[in-house]
Amino acid sequence: MKKMALGLLLVFVAAGLMGCHTPKPVREEALQPMAQSYRGVLPCADCAGIDTSLFLAENGTFILQHHYQTDRPGNRPFATYGKWARTADKLVLTDVQGEKSYFRPLENGLEMLDRDGAPIVSSNTYRLTATKAPLPTTPMAMRGLYRYMADAAVFADCFTGVTYPVVNNIVMEKRYLQVRKSSGDAVLLTFSAHFAVVPSMEEGMEVKSLVPSSAPFQMKAQNHCNE
């Protein structure tokens, strides 16, 4: 009986020690809503700085514009777009070329991280501050499926999968009627455009749309995005 009692005592002591070392569950904090747009001047190796604007949309897409602060001829802003995702501590941007950029929330803005998603060790500032700004008008190269029906055109972007209305473009509409195989068919369109919030067909409403640039475009009788 004494041996049995001693054995039970050892079991209870061991269980108590294991309980003391059981890690407490980690309490994850809910992700805070992110602002729609950010702006700042990032460091530049051979210019005064890079004026940078980032626009995040609720549908998981982004627009990132850069403008080098230099007097060099032909200096213009350039922009790209793609998909954004949020982890517990990072904002990950993936553009149409598959290139990734990383930021982390910091106070009322974002801090740019290096190519591996790690903090940049530097005396320079890599900060973007939350702000309110209109969407940039810088044209971006786009590829997707285009349809024109009932005096309205829509474009389904191949990379993001998001569909947008297209502001009326008579040249593009006429070309579509020539290229399509049958009424309502989608065609593969490669063109340059920018986003803008314009009045919707519904009175008093606005909708984010694509505004084609004057640059040449290509249209193929192909109803899918695959090469």
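Residues numbered from 1 in each chain as written. Predicted model: local features only at pLDDT ≥ 70, side-chain atom pairs only at ≥ 80, totals over all residues. Heavy atoms only, no water.

**Points about the state of the cysteines**
(1) Moving on: In this structure the tally under the stated criterion is two disulfides.
(2) Moving on: Covalently, Cys44 is tied to Cys47 through a disulfide, its sulfur atoms 2.1 Å apart. The sign of the S-S torsion, about 125°, decides the handedness of the disulfide formed by Cys44 and Cys47: right-handed. Cys47 matches Cys44 in its accessibility class, with the two residues each being buried.
(3) Moving on: Cys158 shares a disulfide with Cys225; S-S distance 2.0 Å. One quick way to see it: the torsion about the S-S bond of Cys158 and Cys225 is about -85°, and its sign makes the bridge left-handed. Here Cys158 is found in the loop between β10 (152-157) and β11 (163-166), whereas its partner Cys225 is found in the segment after β14 (218-220), with 67 residues between them in sequence.
(4) Moving on: Given a relative accessible area of 24%, Cys158 falls into the partly exposed group.
(5) Moving on: With its disulfide-bonded cysteines labelled consecutively along the sequence, the protein is connected as 1-2, 3-4. (Disulfide = S-S within 2.5 Å. Buried < 20%, exposed > 50% of the residue type's maximum accessible area, 1.4 Å probe, protein only. Helix = DSSP H or I, 4+ residues; strand = E, 2+ residues; numbered from the N terminus.)

**Thoughts on the sheet that holds strand β3 (residues 61-68)**
(1) Moving on: With antiparallel pairing, eight strands are arranged side by side around a closed barrel as β1-β2-β3-β4-β5-β6-β7-β8. The mean angle between the axes of side-by-side strands here comes to 30°, regardless of whether they run parallel or antiparallel.
(2) Moving on: Note that strand β5 (residues 91-95) and strand β6 (residues 100-106) share four bridges and pair antiparallel. Along β6, the bridge assignment pairs Val92 with Tyr102. (Pairing = 2+ DSSP bridges. Axes fitted to C-alpha atoms, helices over the stretch in contact; angles between N-to-C directions.)

**Notes on helix α2 (residues 170-179)**
Residues three or four positions apart in an α-helix share a direction because the helix packs 3.6 residues into each turn.
(1) Moving on: Where α2 is concerned, the buried positions are Met172, Glu173, Tyr176 and Val179. Along the long axis of α2, the arc covered by the buried residues comes to 130°, so they all point the same way. Facing away from the buried side of α2 by more than 90 degrees, the exposed set consists of Ile170, Val171, Lys174 and Gln178.
(2) Moving on: Against β9 (140-149), β12 (187-199), β13 (206-212) and β14 lie the buried residues of α2. (Arc of directions from axis to C-beta. Contact = heavy atoms within 4.5 Å.)

**Structural notes on the pairing of strand β1 (residues 37-42)**
Residues in a regular strand project their side chains so that they alternate between the two faces of the sheet.
(1) Moving on: Where β1 meets strand β2 (residues 50-56), six bridges bridge the pair, whose relative direction is antiparallel. Residue Leu42 lies in a different strand from β2, and its bridge partner there is Ile50.
(2) Moving on: Pairing of β1 with strand β8 (residues 127-131), which is carried by three bridges, proceeds in the antiparallel orientation. Its bridge partner being in β8, Ser37 is matched across the sheet by Thr131.

**A closer look at the nonpolar core**
(1) Moving on: In terms of nonpolar packing, the biggest core is built from 23 residues, with Met142, Tyr146, Phe191, Leu210 and Met219 touching the most fellow members.
(2) Moving on: Put simply, the parts of the chain that give this core at least two residues each are β4 (78-86), β9, β10, β11, α2 and β12.
(3) Moving on: Top contributing element to this core by residue count: β12, with five residues.
(4) Moving on: Look past the residues within four positions of Met219 in its chain and what remains in contact with it is Tyr146, Met172, Arg175, Tyr176, Val179, Val187, Leu188 and Leu189. (Core = buried A, V, L, I, M, F, W, Y, C linked by side-chain atoms within 4.5 Å.)

**As for the environment of Ala130**
(1) Moving on: Structurally, Ala130 is set in strand β8.
(2) Moving on: Classification of Ala130 as partly exposed rests on a relative accessible area of 33%.
(3) Moving on: Taking the C-alpha atoms as reference points, Ala130 and Gln36, 94 residues apart in sequence, are found 7.8 Å from one another.
(4) Moving on: Setting aside anything within four residues of it in sequence, one finds Ala130 in contact with Ala35, Ser37, Tyr38, Asn108 and Gly109.

**A short note on the packing of aromatic side chains**
(1) Moving on: Under the criterion given, the structure shown has five aromatic pairs.
(2) Moving on: Consider the rings of Phe155 and Phe191, whose centres lie 5.1 Å apart with planes at 65°: the pair is edge-to-face. Of this pair, Phe155 sits in strand β10 while Phe191 sits in strand β12, and the two are 36 residues apart along the sequence.
(3) Moving on: Its relative accessible area of 0% is what places Phe155 among the buried residues.
(4) Moving on: Each member of the aromatic cluster is reached from another via a ring pair, and the members are Tyr81, Tyr164 and Phe195.
(5) Moving on: Directly above the ring of Phe159 sits Lys83, whose terminal nitrogen or CZ lies 4.7 Å from the centroid. (Phe/Tyr/Trp six-rings, centres within 6.5 Å; stacked < 30°, edge-to-face > 60°. Lys NZ or Arg CZ within 6 Å of the ring centre and 35° of its normal.)

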